[in-house]
Number of protein chains: 2
Amino acid sequence: MAQIIESIPNISNGRDKDVIEACVDTIRTTPGCTLLDYSSDESHNRSVITYIGDAKAVEEASVKLVKKAVELIDLNHHTGEHPRMGAVDVMPFVPIKDATQEDCIELSKVVGARIAEEAGVPVFLYEDSATRPERHNLVTIRKGQFEGMAEKVQQPEWEPDFGGRRIHPTAGVMAVGARPPLVAFNLDLDTDDVQIAKNIAKIIREKDGGFKCVKSMGFEVEDEATGKKMAQVSCNMTNFNQTPLYRVVEVVKAEAARYGVHIRKCEIVGLCPMKALTDCAEYYMQLNDFDFATQVLENNIL
Amino acid sequence: MAQIIESIPNISNGRDKDVIEACVDTIRTTPGCTLLDYSSDESHNRSVITYIGDAKAVEEASVKLVKKAVELIDLNHHTGEHPRMGAVDVMPFVPIKDATQEDCIELSKVVGARIAEEAGVPVFLYEDSATRPERHNLVTIRKGQFEGMAEKVQQPEWEPDFGGRRIHPTAGVMAVGARPPLVAFNLDLDTDDVQIAKNIAKIIREKDGGFKCVKSMGFEVEDEATGKKMAQVSCNMTNFNQTPLYRVVEVVKAEAARYGVHIRKCEIVGLCPMKALTDCAEYYMQLNDFDFATQVLENNIL
């Protein structure tokens, strides 16, 4: 029944095993913190680390991780496809259990201040922790990347939230912030006409007037088993409490019907909080009085 | 990531708070064991206690609970609506996480032997632990109740599995065994014609040729909010891995359609393992490649 907060930082090295393991070891060795997963991408030259714990354990692990990455990663010698601005590029905090958005915002401020103080890396607060609207989106903060950052932070509106206007000479700057859990969710259609997927993606995504907290694009993908091409509606559900997965399924179903097209299968990529799934079971099974917090057996154990 | 086994014993006292609390305290004070719930029914004169832990912790807690109940409950002075044969009437073990049916059968034998030895109460193994087909069903074992048990155990086919043919003078006998997790699941129809619920219950239940591991009856119930009468298909899903909840929903839907009737809402009573719900989300959302063990975030934590 302890508090659980998840962090999923990206570090700017996906090629040197020693560096990656040394960074991951800071998580492994922090009491109260559990390493869930880590994976590296060589072409992006970037690794993603996933860990959980209560606010205090995640604070300790996160600060230790940044210090180690700053010690071992030099952005002056970094190449890779993915844009980046720091040795640790971004560090989100996600409430999973007995933690609120406010808890994660508070944690991001504590960790941001400690990183500036103890590692000498200026920090931008982003997403739910952002102190200005234009800092909500990571892409906007990161524009200019490491190479342009020394100049960018001199602009009046781009002073970092912690650490002042001098970037770290080898580790740059970074973004820290609270965000809701994200679910990567793809819907494959029984057609190879990618235009249908593009049309539907446009209908459901927030940017074009669709559901709040849904990002979506239409792609052509190949079925791994059959090699058959099919159209895919690929979604990032950035807050499944705001827009649940089943609602996207039902609208995609309804819009595809216009073309005589059906959903062939759906896919959740990577980890997914239990509640994103049980919300769907509650909808489809009309479990209108179900109490997730007390009736799911595992919620009494965690 | 530790093993989790659940036990849900019924003790034959639902009226004396001191007795009930003393029994529950044996669970509270066993290291590694977590008390999830307990509730008492005065007219049945019976209490249900729910707790979890690994096999060793559940073994210790269960033996301690039986000893305390044997000390405090005298069946010679017991009245109540519910049939009973012992101070602790029945003690099931249910695999929840990193535990198999075999683990729970083994646990039931260890606990059964210790109860006979340490508390002097003869034990029948029941459900998945049963050593003879007619001992699978608790109702068959319990027939004759406490008052008839001294005589019953003298019959050749009714020698208890542990403890011999002499019942405990005040605590009788009891049943211990492994069983799958049970989900109490009700489906309310938008009709007050109870005959429709009875017809559907007959179609879906195992006894009459329906789905394996489904017990079902048709009832007339009253909507708590509106006071309106409605017909209810009430189910006990005794193994949701064998017959998942969504399959019952879909067949009830299809059979109700014959009468122009729909499902108004469904209800899960009490605790429900997460997987009973995520299986339904997987079905309705066509998540055919979803890996419950690794992709549900909470499964990496438990």
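Residues numbered from 1 in each chain as written. Chains lettered and ligands numbered in written order. Predicted model: local features only at pLDDT ≥ 70, side-chain atom pairs only at ≥ 80, totals over all residues.

1. What about the relation of the copies chain A and chain B?
Both copies of the chain are related through a single rotation about an axis accompanied by a shift along the same axis.
Then, number 1: Once turned by 180 degrees and shifted 0.0 Å along the axis, chain A lies on chain B with an RMSD of 0.1 Å. Accordingly, the operation relating the two chain copies is best matched by a two-fold axis. Across chain A, the smallest distance between a C-alpha and the rotation axis is recorded for Ala281 of chain A, namely 2.4 Å. (Least-squares fit on C-alpha atoms with pLDDT ≥ 70 in both.)

2. What about the pairing of strand β5 (residues 88-97) of chain B?
All names here are of chain B.
Then, number 1: Here β5 lies mainly inside the structure; nine of its ten residues are buried.
Then, number 2: The pairing of strand β1 (residues 4-7) with β5 spans four bridges and is antiparallel. Paired with Ile5 across the strands is Pro95, a residue of β5.
Then, number 3: In this structure, strand β2 (residues 10-11) lies alongside β5, joined through two bridges in antiparallel fashion. Residue pairing for β5: Asn10 is matched across the bridge by Val90. (Buried ≥ 20, exposed ≤ 12 C-beta atoms within 10 Å, placed from the backbone. Helix = DSSP H or I, 4+ residues; strand = E, 2+ residues; numbered from the N terminus. Pairing = 2+ DSSP bridges.)

3. Some details on the domain arrangement of chain A
Then, number 1: In terms of domain boundaries, chain A breaks down into domain 1 (4-178) and domain 2 (183-300).
Then, number 2: Distance between the C-alpha centres of domain 1 of chain A and domain 2 of chain A: 29 Å. (Domains from an automatic or database assignment.)

4. Describing the pairing of strand β5 (residues 88-97) of chain A
Then, number 1: Of the strand pairs in this sheet, β5 of chain A and strand β7 (residues 174-178) of chain A are connected by four bridges, and their pairing is parallel. In the sheet register, Phe93 of chain A faces β7 of chain A, and the bridge partner there is Ala178 of chain A.

5. Section: the interface of chain A and chain B
Then, number 1: With 35 residues of chain A in contact, the opposing surface of chain B contributes 35 residues.
Then, number 2: The set of elements that each furnish at least two residues to the side of chain A that touches chain B consists of β3 (34-41), α7 (245-257), β11 (263-269) and α8 (274-284) of chain A.
Then, number 3: Take the side of chain A that touches chain B: its biggest share by element is six residues, from α8 of chain A.
Then, number 4: Looking at the side of chain A that touches chain B residue by residue, the classes come out as 25 nonpolar, six polar and four charged. (Contact = placed C-beta atoms within 7 Å. Nonpolar A, V, L, I, M, F, W, Y, C, P; charged D, E, K, R; others polar.)

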